[in-house]
Amino acid sequence: MPEEREIPRIIEMNEDLTRDNEELAERNHKKLKKHNIKSIDVVGSIGSGKTSIISMIAEKFHTDKKIYVICGDITTRIDADRIEAHGAKTIQINTGRECALNAYHIDKVINSLPLPDIELLIIENVGNLICPSDFILGVDKRIVIMSVSEGDHVVIKHPLLVKMSETLIINKIDLVDAMDADLDRMIKDAKSINPNINVIPISVKTGENVEKILELFDV
Ligand SMILES: Nc1nc2c(ncn2[C@@H]2O[C@H](COP(=O)(O)OP(=O)(O)OP(=O)(O)O)[C@@H](O)[C@H]2O)c(=O)[nH]1
Ligand SMILES: [Mg+2]
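Heads up: these notes are all about the structure in this document. This is a predicted model, so every value here is computed, not measured. (Residues numbered from 1 in each chain as written. Chains lettered and ligands numbered in written order. Predicted model: local features only at pLDDT ≥ 70, side-chain atom pairs only at ≥ 80, totals over all residues.)

**Observations regarding the overall build of the protein chain**
Working step 1: In terms of helices and strands, the protein chain carries nine helices and seven strands.
Working step 2: The globule rule puts the C-alpha radius of gyration for 219 residues at 17 Å, and the 19 Å found for the protein chain is close to it.
Working step 3: By principal-axis analysis of the C-alpha atoms, the protein chain measures approximately 75 × 45 × 30 Å.
Working step 4: By residue count, 41% of the 219 residues in the protein chain fall in the buried class. (Helix = DSSP H or I, 4+ residues; strand = E, 2+ residues; numbered from the N terminus. Rg over C-alpha atoms; globule rule 2.2 N^0.38 Å. Buried ≥ 20, exposed ≤ 12 C-beta atoms within 10 Å, placed from the backbone.)

**Considerations on the nonpolar core**
Working step 1: By size, the foremost hydrophobic cluster in this structure holds 56 residues, and its most contacted members are V69, L121, I122, I123 and L137.
Working step 2: The greatest single-element share of this core, amounting to six residues, is contributed by helix α2 (residues 50–61). (Core = buried A, V, L, I, M, F, W, Y, C linked by C-beta atoms within 7 Å.)

**Here we look at the site of ligand 1**
Working step 1: Taken together, 17 residues sit near ligand 1, with K50, T51, S52, G127 and K205 positioned nearest.
Working step 2: Broken down by element, the residue count for the shell around ligand 1 peaks at three residues, all from α2.
Working step 3: Looking at the shell around ligand 1 residue by residue, the class counts come to three nonpolar, nine polar and five charged. (Near = placed C-beta within 6 Å. Nonpolar A, V, L, I, M, F, W, Y, C, P; charged D, E, K, R; others polar.)

**Topic: the environment of I106**
Working step 1: The topology assignment puts I106 in helix α4 (residues 103–110).
Working step 2: Overall, the presence of 29 C-beta atoms within 10 Å leaves I106 in the buried class.
Working step 3: Along the primary structure I106 and G72 are separated by 34 residues, whereas in three dimensions their C-alpha atoms are 10.0 Å apart.
Working step 4: Dropping the residues within four chain positions of it, I106 is found in contact with N28, L101, L137 and G138. (Contact = placed C-beta atoms within 7 Å.)

**A few points about the sheet that holds strand β5 (residues 141–147)**
Working step 1: Read across the open sheet, the seven strands follow the order β3-β2-β4-β1-β5-β6-β7; overall the sheet is parallel. The sheet is open, and its two edges are formed by β3 (89–94) and β7 (198–201), each paired on a single side. Across the sheet, the axes of successive neighbouring strands diverge by a mean angle of 20 degrees, strand direction being ignored. (Pairing = 2+ DSSP bridges. Axes fitted to C-alpha atoms, helices over the stretch in contact; angles between N-to-C directions.)

**Let's talk about α4**
Working step 1: Restricting attention to buried positions, one finds in α4 the residues A103, H105, I106 and I110. End-on view of α4: buried residues confined to an arc of 155 degrees, all on one side of the axis. (Arc of directions from axis to C-beta.)

**Concerning helix α8 (residues 183–193)**
Working step 1: The set of residues buried in α8 consists of M186, D189 and A190. One side of α8 holds all its buried residues, which, seen down the axis, span an arc of 100 degrees. Relative to its buried face, α8 has exposed residues pointing more than 90 degrees away, namely D184 and S192.
Working step 2: On its buried face, α8 is in contact with α5 (154–157), α6 (159–163), β6 (167–171) and β7.

**Brief notes about the pairing of β6**
The side chains of a regular strand alternate, first on one face of the sheet and then on the other.
Working step 1: Among the five residues that make up β6, four are buried, leaving the element largely enclosed by the rest of the structure.
Working step 2: When β5 meets β6, the two strands line up parallel, connected through five bridges. In the sheet register, I145 faces β6, and the bridge partner there is I169.
Working step 3: Of the strand pairs in this sheet, β6 and β7 are connected by four bridges, and their pairing is parallel. Its bridge partner being in β7, L168 is matched across the sheet by V199.

Okay, here's the thing in structure tokens:
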């Protein structure tokens, strides 16, 4: 008779995964700090303007600062190529099925980067407003980007990232009328979730308010 083993009814795995990720993230941060690299994780909805904003930063500052950009996507090198055309060096991580980058992805990549030659590392996370909240990467700060074209309910429906970010950029304010969006409501919603959050409405297309986000990128 084979020995009977009790099979657990529930195995909690999420907690361990998150803890392992946090340890690795801490190691990533130490490695980046050892080389005096400033690092920013740009998270946000699909199509909210992450690549457009990072391209603008790269365009304005690649001559003064050595910027490196890590782009996360399920597949393709489209975003990395777009950003590289604006002067920053890039590396693309294709996650396959994962809906967010995690500290393991960043660990693998930074070990192959020329760290002594980098001053500012920007990471474009996979477009998603839910999954990235589970995985810190080991960077100095996280900026969350949403846009008017997702509807003015987008902020209140996605409280997790708003809660854990110091800044929310609301992009595409040129589309407020076309989308019949209530921008004040979006700002009010963000403040009700996180009273300390800094909310900056901008339009990459028209350039409105973009000067206000430059200091966020330490440029
Ligand atoms: N009207 C308008 N369109 C914009 C603005 N910023 C970006 N877009 C457009 O929005 C689309 C998506 O922009 P991306 O920068 O690719 O967005 P993303 O967040 O990187 O998208 P994913 O990486 O696919 O999640 C593109 O067609 C941009 O040209 C803006 O301020 N106003
Ligand atoms: Mg993109």
